[in-house]
Each structure stands twice: as C-alpha cells, then as structure tokens.
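Tertiary structure, described
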Amino acid sequence: MAHDSQYSSGRQLHALFRVGAVGRLTDAELLERFAARGDEAADLAFAALVERHGPMVLRTCRQALGDASDAEDAFQATFLVLARRAHSFRVRGSLAAWLHEVARRTASRLRAASARRRRHERGAARRAEATVEGREYDDLGPALHEELGRLPARYRVPLVLCYL
C-alpha cells in the first residue's frame, strides 16, 4: 500500500514537472494545454482553471439559484461546457468573463427547467387528486390488476403507463 502511495506521488510530481508551475500560466495557456494533451498534464491544467475560477462560478450559480444542490449542478455544467469547447475555444487573457456568462445562462436555464418541472408535478398531483376524489372504488380493482397481469407485456405496458 505504501508503494502505491509513493508511486502515485511520483507520478504527480512527474506530471507537475511536465506541466510546469501551472499557477504562473495564463488561462489561455492552461486551456491550450488542456485541449492539446490527453494526459495528467491536461488534467492538472483543467484543475488549475477550476481552482482559479471555481469560486466565482459557484458564487454566481448560488446567487442566481438560491438552492445549493442546483448551484452545484450549474457549476458542473459550466465547466463541462468549457471542457467540451476547449478544442475550438480561443481566449485572450482571462476566462473569467466568459465563465461568468456561461454560469449565468446555465443557472437561468436550470431555474426555468426547475420551475417547469414543479409546475408539471403540481398539475399531475391535482389531476391525481381529482381522479381519486371523483371515483368511488369498488371490488373491481383487484380483478383489473389481475387481468392486466395476464396481458402480454407489449399490451400491458401502454395501459399501465397511460391509465394507471
């Protein structure tokens, strides 16, 4: 186990020497290293970008959403956009303004999606309540479920999904 730890530390030191002092590199240089490589050096370059701009992105997401878990989702989505666009994205200077805009838009979309989901859930709950209150249950329930169980799956699934 100690050998694994030493090996891992050695690999990390080796990667640091290959990358150089990532703290001294500009955002453009870090992004270029991330996009151009597929090794530990690329991972370290991306980690440096996240460490450098992560607090601002997370703060932006939290202020826009209010909910901590939604803010974390938006934070991850923001850096996923950066990772996906790194190969085609060119930056001069700092990524801060671009990441801020992506975080703001991502949080806005997430807020809208959450509101839409809550609206649909409330509507479904109202319809379910109206269905339960509007009908009187009788002894046909068990027989209905038994007969549904006898149907082949290709006929049973649509009935269950649409009516139950």
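Residues numbered from 1 in each chain as written. Predicted model: local features only at pLDDT ≥ 70, side-chain atom pairs only at ≥ 80, totals over all residues. Heavy atoms only, no water.

**Points about the overall build of the chain**
- Secondary structure summary: the chain contains 7 helices and 0 strands in total.
- In the chain, the order of α-helices and β-strands from amino to carboxyl end is α-α-α-α-α-α-α.
- A total of 164 residues make up the chain; the buried ones form 24% of that total.
- Of the contacts made within the chain by residues no fewer than 6 positions apart, 57% connect residues no fewer than 24 positions apart.
- By element, 54% of the accessible surface of the chain is carried by carbon and sulfur atoms, the whole surface being about 12000 Å². (Helix = DSSP H or I, 4+ residues; strand = E, 2+ residues; numbered from the N terminus. Buried < 20%, exposed > 50% of the residue type's maximum accessible area, 1.4 Å probe, protein only. Contact = heavy atoms within 4.5 Å. Areas by Shrake-Rupley, 256 points an atom, 1.4 Å probe, with all protein chains shown as cover.)

**Re the packing of aromatic side chains**
- The final tally for this structure, using the stated rule, is 3 aromatic pairs.
- Relative to F46, the ring of F34 has its centre 4.7 Å away and its plane inclined at 35°; by these criteria the two rings are tilted. Here F34, found in helix α2 (residues 27-36), pairs with F46, found in helix α3 (residues 40-65); they are 12 residues apart in sequence, far enough to count as distant.
- Classification of F46 as buried rests on a relative accessible area of 16%.
- Ring centres 6.3 Å apart and planes at 85° place the aromatic pair F46 and F79 in the edge-to-face group. Here the residue F46 occupies a position in helix α3, and F79 occupies one in helix α4 (residues 68-85), the gap between them amounting to 33 residues.
- Pairwise contacts between aromatic rings join F34, F46, F75 and F79 into one cluster. (Phe/Tyr/Trp six-rings, centres within 6.5 Å; stacked < 30°, edge-to-face > 60°.)

**Observations concerning the environment of M56**
- Relative to the helices and strands, M56 is located in helix α3.
- With a relative accessible area of 19%, M56 lands in the buried category.
- Not counting the four nearest positions on each side in its chain, M56 is found in contact with A96, L99 and H100.

**Side note on the nonpolar core**
- Core analysis: the biggest nonpolar cluster contains 26 residues, and L31, V57, F79, L82, L95 and L99 have the highest contact counts within it.
- Looking at this core, the elements with two or more residues in it are α2, α3, α4 and α5 (96-134).
- Contact partners of L31, with chain neighbours within four places excluded, come to L49, L82, A86, F89, V91 and L95. (Core = buried A, V, L, I, M, F, W, Y, C linked by side-chain atoms within 4.5 Å.)

**Structural notes on the layout of surface pockets**
- Its boundaries defined by the atoms lining it, the second largest pocket holds a volume of some 160 Å³.
- V81, R85, W98, E101, V102, R105, T106 and R109 together form the lining of the second largest pocket.
- Elements represented by at least two residues in the lining of the second largest pocket include exactly α4 and α5.
- Here the element with the most residues in the lining of the second largest pocket is α5; it accounts for 6 residues.
- Class assignment for the residues of the lining of the second largest pocket results in 3 nonpolar, 1 polar and 4 charged. (1 Å grid on protein atoms, 1.4 Å probe; cavity = no way out; pocket = protein on both sides within 12 Å on 5 of 7 lines; lining within 4 Å. Points joined across faces, edges and corners; volume = space filled by probe spheres on them. Nonpolar A, V, L, I, M, F, W, Y, C, P; charged D, E, K, R; others polar.)

**Overview of the pattern of salt bridges**
- Scanning all chains against the criterion turns up 5 salt bridges.
- The partner of R104 in a salt bridge is E101, with the nearest N and O atoms 2.6 Å apart. Taken together, the residues span about one helical turn, with R104 and E101 both in helix α5 at a distance of 3 residues.
- For R150, the salt bridge is made with E146, and the minimal N-O distance between the two is 2.6 Å. (Salt bridge = Lys/Arg side-chain N within 4 Å of Asp/Glu carboxyl O.)

**Focus: the packing of α3 against α4**
- Viewed as axis vectors pointing N to C, α3 and α4 meet at an angle of 135°, and their least axial separation amounts to 9 Å. The orientation of α3 relative to α4 falls into the category oblique. Where α3 crosses over α4, the two elements pack in a sense that is right-handed. Contact residues: α3 offers F46, L49, V50, H53, G54, V57, L58, C61, R62 and L65, while α4 offers D70, A71, A74, F75, T78, F79, L82 and A83. (Axes fitted to C-alpha atoms, helices over the stretch in contact; angles between N-to-C directions. Parallel < 35°, antiparallel > 145°, perpendicular 65-115°, else oblique. Left-handed = near helix turned anticlockwise from the far one by under 90°.)

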